[in-house]
Amino acid sequence: MMHDDQQYTHEDNSRQIFQELKFRSLTVKNRLFRSNVSGQFDDYNGHGGSARLNWEEKFARGGVGCIISSFTPVSVRGRILVRYAMIDDDDKIPFWRAIGDRVHAHDCRFLMQLSHSGRQQDMGGAENLYKRGLSSTNKSDYFHGLLAEAMSREDIRTVVEQFAQGARRAKEAGLDGVELHGANGYLITQFLSSGINDRTDEYGGDWEGRARFVLEIVRAIRREVGQDFHLQMKINGVDHNDWLYPWIKKGNTLDETVKICTLLLDGGKGVDAFHISSGSTFPHPRNPPGDLPLNDLRRWYDGMLSQGTRARFNYSIFSNPVLGPAFVAWWRFRRGKVIEGINLDYARAVTEAVRGIDPSVKVLCTGGFQHADVIGEAIRSGACDGVSMARPLIANNDLPKILKTQNGPDKGRECTYCNKCLLNDLENPLGCYEVKRYPGSTFEARHQLMIDEVMSVFTPPAFAGSVAATPPQAVEAEP
Amino acid sequence: MSDLNDPLTPVEIVLGRKRKIVVVIAVLVLAAIVYWLVFVNQYVVAFRNQEDHFLYGSIGSEASTGPPYWVFKALPVMYADKLGPAGWGHFGMLYEKPGDDLPIGVSRRIVSGVDRVWLNCSVCHVGTYTLPNQTERHLVYGAPSNNLRLQEFILFFIDLGSDPGFTADRLIAAINSPEVGGHLNAFERVVYRYVIFPRLQAAFADLGKRLTFVARQEKWGPGRVDTFNPYKSLQFNFPMGAASISDAALNGSSDYPSIWQQRPREGMNLHWDGNNNSVAERNLSAALGAGVTPVTVDRSSIRRIEQWMWDLPAPQFPGKVDVEAAERGREVFSDTCAGCHGMKTGGTYSYNTDHFKRLGQTVALADIGTDRGRWASYTPDFAAAQNQLYAGYPWRFKRFHKTNGYANHPLDGIWARSPYLHNGSVPTLHDLLEPSSQRPARWYRGSEVLDLARVGYRSDDAAPGDQLFLYDTSKTGNSNRGHEGKAYGTELSGADKDALVEYMKTL
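Summarised in this report is the structure supplied together with it. Source: prediction; values computed, not measured.

1. So, the packing of helix 6 (residues 207-225) of chain A against helix 7 (residues 254-264) of chain A
Between two packed helices, both the angle of their axes relative to each other and the distance between the axes serve to describe the pair.
Residue and element names in this part refer to chain A.
Line of reasoning, step 1. Two elements in contact, helix 6 and helix 7, have axes separated by 10 Å at closest approach and are oriented at 35°. Two packed elements cross with a definite hand, and for helix 6 against helix 7 that hand is right-handed. Contacts between helix 6 and helix 7 involve W207, E208, A211, V214, L215 and V218 from the first element and E256, K259, I260, L263 and L264 from the second.
Line of reasoning, step 2. Of the residues in the contact of helix 6 with helix 7, the class split is eight nonpolar, no polar and three charged.

Shown next, in the form of structure tokens:
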């Protein structure tokens, strides 16, 4: 539905969205990116599985121009949850090559998000049980109480090299580029953020010191993959590090972010694009922006109890009939009213700064995008060159096709930003768990459709032989 | 638990450390609560009834001065040779009825987990009388005590401090005796042996040191107290040696006052010498005499007693009154006595100081002519010291002052306040209307049988009573002179005097 007061037609918006985006060494067919989103689909030890092939293909088939991979740890110590495909070894290259092949078949590009959890390791798995998360600091994360260990220079050298090797492997796998996950509280944020980094050595202090770690990663990657392999950086526009406890440090301001982005251009040898998010923790009221489903928190947060020193405290709050809703109210208050395009102002500031230096550097923006008018205006106004989406695409894998013809999904089929997908990912296959989005006259019917949709990621199965697969259970469809 | 092959995870280690801290804090908080409940907070028996509160309610004397309940119960058993079967009654302490656990005027308070007892207001302010040829003892609440032998009571405790027979073994044995029934367990016995007994002994020894002078005083006798000399020593460590105090000042014993009808007395010069005109301040000071200290005082308890005695009515004379004579006596009283004492007309006592100009005022010592001991015992130095008490509180003493004589008091319930004059040197109202030369020079205190004609207790040597005390008016502080001459009615005719006494029965 077009908003009546907008002067641009859907065709105007569609034209903006479905024009090519040319990076220095990568061309994407439209301005729609599948943002990095994970799902516990893979082997425990980080080898990819067939479900992920199915998963990524869904989005490629749905028409996005480019997919940014799941959170891809460059080492097992850098994982956030188990059963996420990793890039910690050359033996993972064949899987990622298979991913690339599947996606490329739909004229869709694929970027690998090189990631390291740092201290923000929600469930480190058996391998990490006796380790504290590597970080810039010894201080534990204030939300879950995830323990941290300040990295030595030797640790830093090791991790920088892990990123570089991850990039090399991505290139060898035939992928189209890599993205550094420098946002949302993970290791690179832990160095960048003035709210977290308390180092007194050359990797801490002012913004330049704090950016040294990621700059070294950028240079090491360039050393491995050269200048022609797409390299982009996901970064917080603003940290909002004080969302939970207003008395702690706020973290990086937009001004500091712009300076850091400028630094990462590295005289033309640095990154090719930026991907703007916000929030120095994950989750964060601003990322993914939306609601916080209390029932799902109570059902699926329990796995965190053994992982963080504050998890029991949090869980008792979530479970409390008064404090739980109060926490959700606080969460909404700290997010603010805007969900769709929540980070556009930050993206605009970065865009203006980097374009002034090098117009070939592009800027993507994430945060609740789902409607053609908002996306079209974002691009038209110069706030960003493209947008990335995750939850709206999980809800509607074919959202790009929808946006070609109409402003957004049909009423009732839109992503509600409920964030049930976020909570379910802790213990269940990633998918859209918002039952009310599914057709059906009874809850059971809607729920069954939801389950079918979520479980469709396992189809086709890894071992599809001559035995015919059982057809999906017939459900009552809405007349 | 962890071992080499199953160590704790870092999260578990941190949580374990936090748990320890939480446990330590919880234990500390719990300990603080227990400490507060046991060692800081005090517990008293609360009485719904005002009279019961007056008789047995705590005013805060136990915490500073009082012995443990079991010690108080055991001492009469240990010292049956001295106290006899009457126990504390030997010192004139009263039991409402036989078999009562504690005498009137002894209250309980649990301090630091120990049940302690000590005195309250009623120990000095409950009088008794028996009608002629009857045996029933009547208690009069608010009347001056006519029985309490406070000096002997004090000396008993002082003696304990130096008594080689006062040992922990004997004390514990007495407490555990069937007569007392303390049933101390092993732990309590240890506490009594090593904590309570040494403290008691030290306290009694200290009492003896501070009150050495009491042995130099003339005998107070029953129903009399030296209010201020022990006060000087116990509260302020005043030197009380012979070089520091004159014989006259040393012997300031006087009768206890009645404490009814305090509302109309507010603003009058209270105490025998009129040294304070605030009822509340006088009360707080009097509480110190019962063993309260400014630290331990229970003001709300005292306030409750204050409210009770504010309008407590004076008791009715229990004998016959010749109404005609009393009516004649009223006129004589009005002419002769009312100017200083107020009077009763139409059934109501008038305390109107605007009308009775000298009521509540002091009369110079030379004019009143009564014994100077009580007046001399109260010194300007002492008044200054008293006015330091409760410094820093709104109720700090500020009205105590040295006066030039003795104060004129209302005579409500005067029949129940014998013997007369401040030092209790004149046995009956009738005697008081005689010049001092004709008043009894040597007579006996301690009988509680009323002489309904002369109005006062019987004072002859044949009067019923276990421990009659020979009151010798020639001893220092015991003079029965003064309050005599034309202005005081001693020159009235015999008939007028009779009429006057008849009238005073009705007050």
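2. Remarks on the sheet that holds strand 4 (residues 66-73) of chain A
All names here are of chain A.
Line of reasoning, step 1. Spatial ordering of the closed barrel is given by 3-4-5-8-9-10-11-12, a layout of eight strands whose pairing is parallel. If you compare each strand with its neighbour and ignore which way they point, the axes differ by 25° on average.
Line of reasoning, step 2. Strands in contact with helix 6 are strand 8 (177-182) and strand 9 (230-236); relative to strand 8, the strand with the most contacts, it is inclined by about 170°.
Line of reasoning, step 3. Sheet strands touched by helix 11 (residues 344-357): strand 10 (273-277) and strand 11 (362-366). Its angle to strand 11, the strand with the most contacts, is close to 175°.

3. Points about the environment of S316 of chain A
Residue and element names in this part refer to chain A.
Line of reasoning, step 1. Mapped onto the elements of the fold, S316 is located in helix 9 (residues 311-319).
Line of reasoning, step 2. Overall, the presence of 11 C-beta atoms within 10 Å leaves S316 in the exposed class.
Line of reasoning, step 3. Once the C-alpha coordinates of S316 and V225 are considered, the two residues, 91 residues apart in sequence, prove to be 48 Å apart.

4. Examining the sheet that holds strand 1 (residues 43-44) of chain B
Hydrogen bonds between backbone atoms are what pair the strands of a sheet, whose relative direction is either parallel or antiparallel.
Line of reasoning, step 1. The strand order across the open sheet built from three strands is 1-2-3 (chain B), with neighbouring strands paired in antiparallel fashion. Unpaired on one side and paired on the other, strand 1 and strand 3 (114-119) of chain B mark the two borders of the sheet.

5. Points about the packing of helix 2 (residues 50-62) of chain A against helix 3 (residues 93-104) of chain A
All names here are of chain A.
Line of reasoning, step 1. One can describe the packing of helix 2 onto helix 3 by two numbers: an axis separation of 9 Å at closest approach and a directional angle of 30°. Looking at the two axes, helix 2 sits roughly parallel to helix 3. Like other packed secondary-structure pairs, helix 2 and helix 3 cross with a definite hand, here right-handed. In contact with R52, L53, E56, E57 and A60 of helix 2, helix 3 contributes A98, I99, R102 and V103.

6. Side note on the interface of chain B and chain A
Line of reasoning, step 1. The interface is formed by seven residues belonging to chain B together with eight residues belonging to chain A.
Line of reasoning, step 2. Along the lines of polarity and charge, the residues of the side of chain B that touches chain A split into five nonpolar, one polar and one charged.

Quick notes on the rules
Residues numbered from 1 in each chain as written. Chains lettered and ligands numbered in written order. Predicted model: local features only at pLDDT ≥ 70, side-chain atom pairs only at ≥ 80, totals over all residues. Axes fitted to C-alpha atoms, helices over the stretch in contact; angles between N-to-C directions. Helix = DSSP H or I, 4+ residues; strand = E, 2+ residues; numbered from the N terminus. Left-handed = near helix turned anticlockwise from the far one by under 90°. Contact = placed C-beta atoms within 7 Å. Nonpolar A, V, L, I, M, F, W, Y, C, P; charged D, E, K, R; others polar. Pairing = 2+ DSSP bridges. Buried ≥ 20, exposed ≤ 12 C-beta atoms within 10 Å, placed from the backbone. Parallel < 35°, antiparallel > 145°, perpendicular 65-115°, else oblique.

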